[in-house]
Amino acid sequence: MLPAFLPNPVAALFGGGTPIDGGRNFRDGRRIFGDGKTFRGLFVGVLAGIGLGLLQIWLSGVYGLDYLPLHTWLSVTLLATGALLGDLGKSFFKRRIGKERGAKWPVADQYDLVAGALLLTLLVDPSWILANMTLPVFIIILVLTPVLHRTVNIVGYYLGVKEVPW
């Protein structure tokens, strides 16, 4: 899941610029995604996730790290892209229920990237999911995700990248 875990903090760190929604509102009068979702953040985040995934592929090949999942170019691209698409989807629904940027939305805030990454990968490359997503792996992902999410957000807050520590 590393190719899915990295894009969001990288997008927050290196994002900025033009919002994906162009500042437009949805038919309910609220922003579609908000100022925090930018093209630069999306592209840099996805590229970082893909880069980390390709590093995993290389390390696995060079050092015979058989315990790593057998990633492919496609799997790392789908995981990285899906993670940020999941985050975008969560932001869309967060605006629909009236939550502002930075407002807490427990569970959705932690698992949006996991849902997006796994759903996109399942839709496009189901054989990779079936070969690598065992029940123990899935449980580990469910347990580690909120811990990693909280830790990264606290670090981002103290570095001044995030406005709130959640």
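A brief look at the structure comes next. (Residues numbered from 1 in each chain as written. Predicted model: local features only at pLDDT ≥ 70, side-chain atom pairs only at ≥ 80, totals over all residues. Heavy atoms only, no water.)

**Here we look at the pattern of salt bridges**
Part 1 of the reasoning: In total, this model carries nine salt bridges according to the counting rule given.
Part 2 of the reasoning: Here D35 makes a salt bridge to R31, at a shortest N to O gap of 2.9 Å.
Part 3 of the reasoning: Salt bridges linked by common partners bring K37, D87, K90, K94, D109 and D112 together as one network. (Salt bridge = Lys/Arg side-chain N within 4 Å of Asp/Glu carboxyl O.)

**Describing the nonpolar core**
Part 1 of the reasoning: In terms of nonpolar packing, the biggest core is built from 13 residues, with M1, A4, L79, L113, V114, A117 and L118 touching the most fellow members.
Part 2 of the reasoning: If you list the elements that add at least two residues to this core, you get helix 1 (2-5), helix 4 (73-96), helix 5 (108-124) and helix 6 (126-132).
Part 3 of the reasoning: Setting aside residues no more than four positions away along its own chain, M1 makes contact with L79, V114, A117, L118 and I141. (Core = buried A, V, L, I, M, F, W, Y, C linked by side-chain atoms within 4.5 Å. Buried < 20%, exposed > 50% of the residue type's maximum accessible area, 1.4 Å probe, protein only. Helix = DSSP H or I, 4+ residues; strand = E, 2+ residues; numbered from the N terminus. Contact = heavy atoms within 4.5 Å.)

**A closer look at the environment of W166**
Part 1 of the reasoning: In this fold, W166 is placed in the segment after helix 7 (135-158).
Part 2 of the reasoning: Along the primary structure W166 and V152 are separated by 14 residues, whereas in three dimensions their C-alpha atoms are 8.9 Å apart.
Part 3 of the reasoning: Those residues in contact with W166 that lie beyond four places of it in its chain are G102, A103, K104, H149, R150 and N153.

**Examining the layout of surface pockets**
Part 1 of the reasoning: The calculated volume of the largest pocket comes to roughly 1100 Å³.
Part 2 of the reasoning: Around the largest pocket, the lining is made up of 45 residues, and of these N8, A12, K37, N153 and K162 lie nearest the centre.
Part 3 of the reasoning: Elements represented by at least two residues in the lining of the largest pocket include exactly helix 2 (7-14), helix 3 (39-63), helix 4, helix 5 and helix 7.
Part 4 of the reasoning: In the lining of the largest pocket, the residues fall into 21 nonpolar, 13 polar and eleven charged.
Part 5 of the reasoning: The volume enclosed by the second largest pocket comes to roughly 250 Å³.
Part 6 of the reasoning: As for the second largest pocket, its lining consists of 14 residues, and the residues nearest its centre are M1, P69, M133, V137 and I141. (1 Å grid on protein atoms, 1.4 Å probe; cavity = no way out; pocket = protein on both sides within 12 Å on 5 of 7 lines; lining within 4 Å. Points joined across faces, edges and corners; volume = space filled by probe spheres on them. Nonpolar A, V, L, I, M, F, W, Y, C, P; charged D, E, K, R; others polar.)

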